[in-house]
Amino acid sequence: MAESTRCELCELARTTRWFAQVFEPFPFTLLECDSCDVPMAVLGEHRAAVSPQERQVMQLALEWVAKTHDLGELFFDDRMKQIPDHYHLHARVRPKWWPR
Ligand SMILES: [Zn+2]
Ligand SMILES: [Zn+2]
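It should be emphasised that the depicted structure is a prediction, and the values quoted were computed from it without experimental measurement.

**Student:** Please explain the sheet that holds strand β2 (residues 28–32) as it appears in this structure.
**Tutor:** Read across the open sheet, the 5 strands follow the order β1-β2-β3-β5-β4; overall the sheet is antiparallel. Two strands in the sheet have a free side with no partner beyond their single neighbour: β1 (18–22) and β4 (74–77). When strand polarity is set aside, the average angle formed by the axes of neighbouring strands in this sheet is 20 degrees. Two strands pair when backbone bridges link them, and β4 and strand β5 (residues 88–93) are joined in this way by 4 bridges, in the antiparallel orientation. If you follow D77 over to β5, its bridge partner there is H90. Sitting on the sheet, helix α2 (residues 52–68) touches β1, β2, β3 (39–43), β4 and β5, and the angle it makes with β3 is about 150 degrees.

The rules behind the values
Residues numbered from 1 in each chain as written. Chains lettered and ligands numbered in written order. Predicted model: local features only at pLDDT ≥ 70, side-chain atom pairs only at ≥ 80, totals over all residues. Pairing = 2+ DSSP bridges. Helix = DSSP H or I, 4+ residues; strand = E, 2+ residues; numbered from the N terminus. Axes fitted to C-alpha atoms, helices over the stretch in contact; angles between N-to-C directions. Contact = placed C-beta atoms within 7 Å.

See below:
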């Protein structure tokens, strides 16, 4: 990749906890977001969107991480404010006081 298009999520410096790297059915990494301290899934290739099926796979993987680490109830957040052109999905913990 050219210097001018360096992407933080392509380089994926290992500065936080990594939970798992998935290769099939498509590559993505499960790690702790260093700005939010929650699990997130980062797509293994540089594109801005995923298919509904791909999103489903990433959600299931994040649910597994949350369950393993006893994080409680989650909701999924793929608004990408800082890096809008590389897909990543946050699993945010649902606050207890939220209405169902
Ligand atoms: Zn990228
Ligand atoms: Zn984050």
